[in-house]
Amino acid sequence: MLASRTPKLRKKRELEKAIGRLSGTKLNKVVDLICYYMPELGSKEEIEIDLDVLDNKTLSKMYSLVMADRSSKVQNNDKAKHYQA
């Protein structure tokens, strides 16, 4: 049971860190996603992102959204480093 929960915890930690580094536009997309999938959590004006209360579908969608942005930034950084060399 613990082994099956470890990847979820790891993903939540990654997500927490990545959300803290999001731009305003991307953060708005995360809030839109939460409001769409879990409207009972609050309005767009005031929402607390508590990963422990989000359902698996919402967490998965959010992870994909946030990490897609992160991986494209890493790829762009790698390309920039390549051209600088």
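Residues numbered from 1 in each chain as written. Predicted model: local features only at pLDDT ≥ 70, side-chain atom pairs only at ≥ 80, totals over all residues. Heavy atoms only, no water.

A short note on the confidence of the model for the chain
We apply this condition: For every residue, the pLDDT score states the predictor's confidence, bounded by 0 at the bottom and 100 at the top. Numbering of helices and strands runs from the N terminus; a helix is a DSSP stretch of H or I covering at least four residues, while a strand is a stretch of E covering at least two. Two residues form a contact once any of their heavy atoms are found within 4.5 Å.
Confidence in the prediction of the chain, expressed as mean pLDDT, is 77, and 72% of residues score 70 or more. Model confidence for the chain, summarised as mean pLDDT per element, is weakest for helix H3 (residues 56-84) at 69 and strongest for helix H2 (residues 24-37) at 88. Below a pLDDT of 50 lies the segment residues 75-83, which in the model reaches zero contacts outside its immediate sequence neighbourhood of four places, other chains included.

Quick notes on the pattern of salt bridges
Pairs can form between side chains of opposite charge once their charged atoms are near each other. Note the threshold: Note on definitions: salt bridges are taken to be side-chain nitrogens of Lys or Arg within 4 Å of carboxyl oxygens of Asp or Glu.
In the structure shown here, the tally under the stated rule is one salt bridge. The shortest N-O distance in the salt bridge between Lys-12 and Asp-52 comes to 3.3 Å. With Lys-12 in helix H1 (residues 2-20) and Asp-52 in the loop between H2 and H3, this pair connects stretches of sequence that are 40 residues apart.

Some thoughts on the packing of aromatic side chains
For clarity, the cut-off: Note on aromatic pairs: the rings of Phe, Tyr and Trp (six-membered ring only in Trp) are paired at centre separations within 6.5 Å, and the planes decide the class, stacked below 30 degrees, edge-to-face beyond 60, tilted for the rest. Each residue is placed in one exposure class: buried if its accessible area under a 1.4 Å probe, protein chains only, is under 20% of its type's maximum, exposed if it is over 50%, and partly exposed if it falls in between. Put simply, a charge is over a ring when the Lys NZ or the Arg CZ is close to the ring centre, within 6 Å, and near the line of the ring normal, within 35 degrees.
If you walk through the whole model with that rule in mind, you get one aromatic pair. Taken together, a centroid distance of 4.9 Å and an interplanar angle of 85° make the contact between Tyr-36 and Tyr-37 edge-to-face. Accessibility expressed as a relative area gives 25% for Tyr-37, which makes it partly exposed. Directly above the aromatic system of Tyr-63 lies the positively charged group of Lys-11, at a separation of 4.9 Å from the ring centroid.

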